[in-house]
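# A structural walkthrough
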Amino acid sequence: KYYDPILFSSTRSIFEKVESLYPRVDGEPALSRVETDPSAFTDTVLRMARKLGAHSSGVTELADYHVYSVGGRGGRYGKEFSIEHKFAIALTVEMDYHMMRTSPAAPTVVESARQYLRAGKIAVELAEYIRSCGYQAKAHIDANYQVVCPLVARDAGLGEIGRMGLLMTPALGPRVRIAVVTTDLPLVPSSARPDPVLIDFCRKCEKCAIVCPVQSVPYGMEKDIDGVMRWKINAESCYTYWCQAGTDCGRCIIVCPFAHPDNWFHRLVRFGIRNSYIFRRLAVPLDDLFYGRKPRPR
């Protein structure tokens, strides 16, 4: 439906570059180990992530529910995973607003691929730096994930899991891609805490559910799913639409009011949402007024 041979040729080229990173996601650490204070190491790796191009970054202790039980792709399909690392560094990169506004057309696939590559490069460089200091480190990038990146990023203080099942960041909403580095390097976890404002806004908004072409995003409140109160999309109908459209869609991402550009005006709106219950109730009608309840793709 939205297939574009020129843009998809570009996308294939990008993912070939992603594949070229696979041999570097893991490796042996240096024989000599750098000894220093965990807080100093934490500050260094987070600063390095941002210097390399990450929009945000944070640290959390690795938990069982962060790790996939088995592989889901290629030669790792069905194989059990076991990660002995104690800490995880999560990072986000921004997806271009104007490229994503074309969703579900082909430019969204190009932009998605570009940011998978960008996040992968940052994660690989961080992992290689940590190994050079004498510690184990593994980069989790596209098609090489052994962890559930949105859950790691949430626990590292980078956002909350919203209605569409994606990480909702305070500044860019779901308009990000995520990569993770797991390591045995001693680190200090970031001060992660629940963000009730983001969740409350998701409860009232429902814009992603309204614009979903196949209604894969649920309406209403969260439900108890496997002991966790959350929303759960219909993954089968979502991916079926991807296959029919020939793209990664992305409609739910770009219509989110938190996904608007991180400029002074939208920062002011986000400030109002975070600090005023009344403003939070007015934000969605105002967004509908300026952008439309069901914005058309650009």
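Now for a quick tour of the structure. Nothing here was measured: the structure is a model prediction, and the numbers come from that model.

Here we come to the pattern of salt bridges. In this structure the tally under the stated criterion is 17 salt bridges. A salt bridge links R274 to D195; the shortest N-O distance between them is 2.8 Å. On the criterion of sequence distance, the pair formed by R274 in helix α10 (residues 264–275) and D195 in the loop between β6 (176–183) and α6 (196–205) is long-range, its members being 79 residues apart. With a shortest N-O distance of 3.3 Å, R270 and D262 are connected by a salt bridge. By relative accessible area, R270 is classed as buried at 7%.

Moving on, we get to the layout of surface pockets. Size it by volume and the second largest pocket reaches roughly 220 Å³. Taken together, 14 residues line the second largest pocket, and the ones lying closest to its centre are F265, V269, A283, L286 and D287. Secondary-structure elements contributing two or more residues to the lining of the second largest pocket are α10 and α11 (277–291). Here the element with the most residues in the lining of the second largest pocket is α11; it accounts for 6 residues. For the lining of the second largest pocket, the per-class residue count stands at 10 nonpolar, 2 polar and 2 charged.

Further remarks concern the sheet that holds strand β2 (residues 87–94). The strand order across the open sheet built from 4 strands is β1-β2-β6-β3, with neighbouring strands paired in antiparallel fashion. What marks the edges here is a single partner per strand, and that holds for β1 (56–61) and β3 (137–140). Strand-to-strand twist across the sheet, computed as the mean angle between neighbouring axes with direction ignored, equals 20°. Bridge count between β3 and β6: 4 bridges; the pairing is antiparallel. In the strand pairing of β6, K138 is matched with T182. Here helix α2 (residues 38–51) sits on the sheet and contacts β1 and β2; the angle it forms with β1, its principal contact strand, is near 145°. On top of the sheet, helix α4 (residues 107–132) reaches β2, β3 and β6; it is set at about 145° to β2, its chief contact.

Moving on: the packing of α6 against α11. Interhelical geometry of α6 versus α11 gives an angle of 45° and a closest axis separation of 10 Å. When the axis of α6 is compared with that of α11, the two are oblique. Pair α6 / α11 crosses with right-handed handedness. Across from V197, D200, F201, K204 and C205 in α6, the residues of α11 making contact are R280, R281, A283 and V284. A class-by-class count of the residues in the contact of α6 with α11 yields 5 nonpolar, no polar and 4 charged.

Moving on, we get to empty space enclosed by the protein. Applying the stated criterion across every chain, the model contains 1 cavity of 30 Å³ or more. Taken as a whole, the largest cavity encloses approximately 80 Å³ of empty space. What lines the largest cavity is simply R163, M164, M168, F201, C202, C205, E206, K207, C208, C256 and P257. Put simply, the parts of the chain that give the lining of the largest cavity at least two residues each are α6 and α7 (207–211). With 3 residues, α6 is the largest single contributor of residues to the lining of the largest cavity. Residue classes in the lining of the largest cavity are distributed as 8 nonpolar, no polar and 3 charged.

A few words on the environment of A49. Among the structural elements, A49 can be located in helix α2. The sequence separation of A49 and P150 amounts to 101 residues, and the corresponding C-alpha distance is 17 Å. In contact with A49, not counting residues within four places along its chain, are A54, S57, I122 and L126.

So, on to the side chain of T108. Of note, T108 is situated in helix α4. Note on T108: relative accessible area 3%, which makes it buried. In this view, T108 contacts M99, M100, T102, S103, T247 and C249; residues no more than four positions away in its chain are not counted.

About the thresholds
Residues numbered from 1 in each chain as written. Predicted model: local features only at pLDDT ≥ 70, side-chain atom pairs only at ≥ 80, totals over all residues. Heavy atoms only, no water. Salt bridge = Lys/Arg side-chain N within 4 Å of Asp/Glu carboxyl O. Helix = DSSP H or I, 4+ residues; strand = E, 2+ residues; numbered from the N terminus. Buried < 20%, exposed > 50% of the residue type's maximum accessible area, 1.4 Å probe, protein only. 1 Å grid on protein atoms, 1.4 Å probe; cavity = no way out; pocket = protein on both sides within 12 Å on 5 of 7 lines; lining within 4 Å. Points joined across faces, edges and corners; volume = space filled by probe spheres on them. Nonpolar A, V, L, I, M, F, W, Y, C, P; charged D, E, K, R; others polar. Pairing = 2+ DSSP bridges. Axes fitted to C-alpha atoms, helices over the stretch in contact; angles between N-to-C directions. Contact = heavy atoms within 4.5 Å. Parallel < 35°, antiparallel > 145°, perpendicular 65-115°, else oblique. Left-handed = near helix turned anticlockwise from the far one by under 90°.

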